[in-house]
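The chain contents come next:
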Amino acid sequence: MPTYYFELGHQPHISIAEILFTLSKEEYDATIEKETKQYIIVSTKRILDTPQIMAKLGGTKKISEAIPKTEGSIQDRIIEYLQQTTPEGKIHFSLSGEGAKPFALQVKKELKALGRSVRFIEAKNTATIKNNSLIRKQGDLLNIKDTLFVTRAIQPFEDFAKRDYGRPRSDDKSGMLPPKLAKILINLSEIQPNETLLDAFCGSGTVLMEALSSGIQHIIGTDISIRAVRDSEANMSWLEEQVDTNATVTIFQHDATTKTKKIAENTIDAIVSEPYMGKPLTGKEGKQLLTKQAKELRQLFVKTFKQFHRIVKPGGIIIFIVPQFHFHNEWITINCKNDIEQLGFTNIPLTKDSESLLYRRAGQHIGRRIWKWEKN
């Protein structure tokens, strides 16, 4: 069976969930063979289209494919592989994994003894891999317990950065959803390209932009703030000039807790939203204030899900972030699970062990808990 190495992002539990949902959606029938905090090794019943899969993912740094084992030591196999992939001209390669550098220097020495011109590159990150064209040269190698992998695809980090920092408008005060996380949320929804996605709290349009770059054909964004609507419109217009798309994009001002005639009943396939998360925190807030904010947000979210039930198709999916607030050594959470279930939704666990996933960066006073719901 084909075997692949996925290098995970800084939230590995979320990266793994995204990978599994994406491979399942693409019918690759994947099985995790090994799992660590840095990577997973996956076997599939058919060969992955690694550039296509990487283009879909937000939480994976690189994908490498296992090279079939041959006789001889790992060192001999590396030499044989590099000779085969670069039969003439200069060999460029990098090597990571157990005891990588001594192996690499010996490989370089032996290749030179064979009359080959060779350059060893210490690829400390994906930027080095890209800048040295190691994907095209099939030269970025990884050794894990005598299994040799070659990197087939790396995260398009420059594209993410451009959509994050290069877009014309943003709003730092209201908080910004990272584009990579927005991509992950869309993948967790398992939406198909020809279906309709709604972000009911679109802000400056991060989810909308990642939906457009993912090939979603019908995109709707709403927000109670007219500034947010204008920001989303500007950012989407900017992105539409850069991508080849025939998508229909509709953005308008709307309070997500109220009805709108602009969205008919039972027409939305998936909602992907980071809602209003409360006032920005400094870390000095008292427990009473945070508890009060959590109570107010719970009421907001329940009212919002009442409207979601009206517009989402039966079987439609909602990926929704519920914030939680860090106070000393505890979390102040918003427990609206039972309320949402009573409105006619079923929680879809995001892993075999967890009904939701927590996204949090070190030092942040707020956590984002990701939930997946299906309309009954």
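Because the structure is a prediction, the values reported are computed rather than measured. Along each chain, numbering runs from 1 in the same order as the chain's sequence is written. The predicted nature of this model means local features are confined to residues of pLDDT at least 70 and side-chain atom pairs, given and counted, to a pLDDT of 80 or more, with totals for whole chains, interfaces and linings taken over all residues. The side-chain quantities take in all heavy atoms of the structure and omit both hydrogens and water.

J.: What am I meant to see in the overall build of the chain here?
T.: Only DSSP runs of H or I covering at least 4 residues are called helices, and only runs of E covering at least 2 are called strands; the numbering of each starts at the N terminus. Counting its regular elements, the chain contains 11 helices and 17 strands. For a compact globule the rule gives 2.2 Å times the number of residues to the power 0.38, and the radius of gyration it is set against comes from C-alpha atoms. Here the chain has a C-alpha radius of gyration of 23 Å; the compact-globule value for 376 residues is 21 Å, and the two agree. Dimensions of the chain along its principal axes, counting C-alpha atoms only, are 75 × 50 × 35 Å. Think of it in three bands: residues with accessible area under 20% of the maximum for their type are buried, residues over 50% are exposed, and the middle band is partly exposed, with areas taken using a 1.4 Å probe on protein chains only. Per-residue burial over the chain gives 49% buried out of 376 residues. The long-range fraction of contacts in the chain, counting pairs at least 24 apart against all pairs at least 6 apart in sequence, stands at 73%. Surface exposure here means Shrake-Rupley accessible area, sampled with a 1.4 Å probe, where a residue is shielded only by the protein chains that are shown. Entry remark: accessible area of the chain is about 18200 Å², with carbon and sulfur atoms responsible for 48%. Here a residue-residue contact requires only that any non-hydrogen atoms of the pair lie within 4.5 Å.

J.: I would appreciate a short explanation of the packing of helix H3 (residues 74-85) against helix H4 (residues 100-113) in the present structure.
T.: Orientation of H3 relative to H4, taken along the N-to-C sense of each, is 55°, at an axis distance of 10 Å. The angle between H3 and H4 places the two elements in the oblique class. When the axes of H3 and H4 are compared, the crossing they make is right-handed. Only Phe 103, Gln 106, Val 107, Glu 110 and Leu 111 of H4 make contact with H3, whose side of the interface consists of Ile 74, Gln 75, Ile 78, Ile 79, Leu 82 and Gln 83. Angles shown run from 0 to 180 degrees and are taken between the N-to-C directions of axes, each axis being a line fitted to C-alpha atoms and, for helices, limited to the stretch in contact. An angle below 35 degrees is read as roughly parallel, one above 145 as roughly antiparallel, one from 65 to 115 as roughly perpendicular, and any other as oblique. Handedness of each helix crossing follows the sense of rotation of the near helix against the far helix: counterclockwise by less than a right angle gives left-handed, clockwise gives right-handed.

J.: Hey, could you run me through the packing of aromatic side chains in this one?
T.: What describes a pair of aromatic rings is the distance from one ring centre to the other and the angle between the planes of the rings. Paired rings are identified among Phe, Tyr and Trp, the last through its six-membered ring, by centres lying within 6.5 Å, and are further divided according to the angle between planes into stacked (under 30 degrees), edge-to-face (over 60) and tilted (the rest). Enumeration according to the criterion identifies 11 aromatic pairs in this entry. Aromatic pair Trp 371 and Trp 373: ring centres 5.7 Å apart, planes at 15°, arrangement stacked. No difference in accessibility class separates Trp 371 from Trp 373, as the two residues are buried. Chaining the aromatic ring pairs together yields one cluster made of Phe 201, Phe 301, Phe 305, Phe 308, Phe 320, Phe 345, Trp 371 and Trp 373.

J.: What is the right way to look at the sheet that holds strand S7 (residues 140-144) in this model?
T.: As a general point, the strands of a sheet are linked pairwise by backbone hydrogen bonds and lie either parallel or antiparallel. Two strands pair if DSSP finds at least two bridges between them. The strand order across the open sheet built from eight strands is S2-S3-S1-S4-S8-S7-S5-S6, with neighbouring strands paired in mixed fashion. Lying at the two open borders of the sheet, with one neighbouring strand each, are strand S2 (31-35) and strand S6 (118-120). Recorded for the sheet is a direction-independent mean angle of 30° between the axes of neighbouring strands. Bridge count for strand S1 (residues 3-8) against strand S4 (residues 60-66) is five bridges, and the pairing is antiparallel.

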